Amino acid sequence: MGDTLSYFVIGMGRSGSTVLGSLLARAVDGFYCGELHLLWQSWLADRLCTCGTSVRTCPVWGEVVPDVMRASKVSSVEVLATIQSRQMRDREVLLRPRWRDDVEHVALRRHTEEAVRRVAGTDVLVDTSHSAAVAYVAKCVAEALQFIHLVRDPRAVAFSSARPKHDPSMQAPMPSRSPMDAALRWMGVNLAAERLLRGVGEDTAARRLRYEDFVHDPTGSVPELALLNDVVVHPTGCPLIEHSIAGNPGRFQRDQPLRLDERWKSMPPSERRQVELITFPLMLRYGYPLRVSGSRDEPLPR
Ligand SMILES: [Zn+2]
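Note that the coordinates shown come from a computational prediction; the quantities given were computed from them, not determined experimentally.

S.K.: Which parts of the structure should I look at to understand the packing of helix α8 (residues 154–161) against helix α9 (residues 179–199)?
M.R.: To describe two helices that pack against each other, one gives the angle between their axes and the distance between the axes. The contact between α8 and α9 brings their axes to 9 Å, and the two run at 130°. By the angle class used here, α8 and α9 are oblique. The two elements α8 and α9 cross, and the hand of that crossing is right-handed. Taking contact as the criterion, the partners of P154, V157, A158 and S161 in α8 are, on α9, P179, A182, A183 and W186. Of the residues in the contact of α8 with α9, the class split is 7 nonpolar, 1 polar and no charged.

Structure representation (structure tokens):
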């Protein structure tokens, strides 16, 4: 293996990270992990990999997990899941003036990345774990790392979060959130991401990408992100099979057309205002207008 490189997508779920991660990995001939920090949980719950088999019998994860157990000198996946569960949370990233010494999680991350690179046969990983806390640990491990802070209009995230989604890899639907809960979480996640990116220093590349801009021009956005690291970009690169952990259920429906989802504009005005009231400082910072054409409370043209 030569020099290693990782791309890490931070931000709120339901913001298009699964599609972004998949396209980015294809473009840079890398391996798309999905949400790597959920590997142990996915293994214990016997969830499906995107390749269609159980994570336990998947040709990638079925080899990676025993490899990490050997490297970590533990006898069960439960131990790895317990270590992962002690990982700091995003709110700690937000509140702590200094990073705590996180040797245990850095070691687990290092062993996991090394195993994935070996089994997948690539130096380039793409992880869409979302969490700023997990991103911090990834930063401690990586030789070269690029953060992508992915943001989406919080009203769209709240609208999507309120609707349960069936995930073929899980027995139960993905959990839903109330608009207020989604809005508060959107603020927390994005503030933690900004706190992290302010603290990583200039040696780490970081780029903010709006979901709406990405969907408008995916073939333009992805090479632009990849080129920050001077890697060779393959516009048509496409693996036949993917092996990703967790993420949007849409990952099981390959090659779906990428379209801007604006169904949120039909949400009740009271719910929309609630979301705006909580999130407006960052909405304005990210360039989302408070008045939106096509929403239900917009006066009809005379
Ligand atoms: Zn697989």
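S.K.: How should I be thinking about the nonpolar core in this particular structure?
M.R.: One recurring pattern in soluble globular proteins is that nonpolar side chains are buried together. Core analysis: the biggest nonpolar cluster contains 73 residues, and L24, F31, A132 and A135 have the highest contact counts within it. Not counting residues up to four positions away in its chain, the partners in contact with A132 are I10, D90, V93, A192, A193 and L196.

S.K.: How should the sheet that holds strand β5 (residues 205–210) be read in this particular structure?
M.R.: Strand pairing in a sheet relies on backbone hydrogen bonds. The paired strands run either parallel or antiparallel. Taken in spatial order, the 5 strands line up as β2-β3-β1-β4-β5 in an open sheet, and their pairing is parallel. Across the chains shown, the open sheet's two edge strands, defined by having one partner strand only, are β2 (31–34) and β5. Averaged over all pairs of adjacent strands, the angle between their axes in this sheet comes to 20°, without regard to strand direction. Bridge count between β2 and strand β3 (residues 124–130): 3 bridges; the pairing is parallel. When the sheet's bridge partners are listed, F31 is paired in β3 with L125. Relative to the sheet, helix α7 (residues 132–141) contacts β1 (5–10), β3 and β4 (145–151), its axis offset from that of β1 by approximately 165°.

S.K.: Explanation requested: the packing of α7 against α9 in the structure shown.
M.R.: Close contact between α7 and α9 brings their axes to 9 Å; oriented N to C, the two are set at 20°. The orientation of α7 with respect to α9, classified from their angle, is roughly parallel. As for how α7 packs across α9, the hand of that crossing is right-handed. Taking contact as the criterion, the partners of A132, A135 and Y136 in α7 are, on α9, A192, A193 and L196. Across the contact of α7 with α9, the residue classes break down as 6 nonpolar, no polar and no charged.

S.K.: Got a minute to help me understand helix α6 (residues 103–120) in this structure?
M.R.: Residues spaced three or four apart along an α-helix face the same direction, because each turn holds 3.6 residues. End to end, α6 covers 25 Å across 18 residues, agreeing with the expected 26 Å (1.5 Å per residue, within 8%). Here α6 has its buried residues at H105, L108, R109, H111, T112, E113, A115, V116 and A120. Tucked inside the fold, the buried residues of α6 contact β2, α2 (39–44), α3 (61–72), α4 (77–85), β3 and α7. One or two residues past the end of α6 sits G121, with phi positive at roughly 70°.

S.K.: How do you make sense of the environment of V93 when you look at a structure like this?
M.R.: Among the secondary structure elements, V93 is positioned in helix α5 (residues 90–95). With 101 residues separating them in the primary sequence, V93 and E194 have C-alpha atoms 9.9 Å apart.

S.K.: Just checking my understanding: could you explain the pairing of β1 for this structure?
M.R.: Here is the key point about a regular strand: its side chains alternate between the two faces of the sheet. Burial runs high along β1: 6 of the 6 residues are buried. Side chains of β1 alternate between two faces, with L5, Y7 and V9 and S6, F8 and I10 buried alike. The pairing of β1 with β3 spans 5 bridges and is classified as parallel. Each bridged residue has a counterpart across the sheet, and for Y7 the counterpart in β3 is V126. With 5 bridges connecting them, β1 and β4 associate as parallel partners. For I10, the partnering residue across the bridge sits in β4 and is H149.

Cut-offs used in this document
Throughout, a residue's number is its position along its own chain's written sequence, starting from 1. Given that the model is predicted, a residue must reach a pLDDT of at least 70 before its local features are reported, and side-chain atom pairs must reach 80 or more before they are shown or counted; all residues, however, enter totals for whole chains, interfaces and linings. Each axis is a line fitted through C-alpha atoms, and for a helix only the stretch in contact is used; angles between axes span 0 to 180 degrees, taken between their N-to-C directions. Helix and strand definitions here come from DSSP, where helices need a minimum of 4 consecutive H or I residues and strands a minimum of 2 consecutive E residues; each element is numbered from the N-terminal end. Every angle not falling under 35 degrees, over 145, or within 65 to 115 is termed oblique; those three ranges are roughly parallel, roughly antiparallel and roughly perpendicular. By convention, the crossing between two helices is left-handed when the near helix turns anticlockwise from the far helix through less than a right angle, and right-handed when the turn is clockwise. Note on contacts: residues are paired as contacts if their backbone-placed C-beta atoms lie within 7 Å. Residues are grouped as follows: Ala, Val, Leu, Ile, Met, Phe, Trp, Tyr, Cys and Pro are nonpolar; Asp, Glu, Lys and Arg are charged; all remaining types, including Gly, are polar. Joined through C-beta atoms within 7 Å, a set of buried Ala, Val, Leu, Ile, Met, Phe, Trp, Tyr and Cys residues constitutes a nonpolar core. Counting other C-beta atoms within 10 Å of each residue's C-beta, where C-beta atoms are placed from the backbone, gives the exposure class: buried for 20 or more, exposed for 12 or fewer, partly exposed between. If DSSP finds at least two bridges between two strands, the strands pair. The span you would expect from a helix comes to 1.5 Å times its residue count less one.

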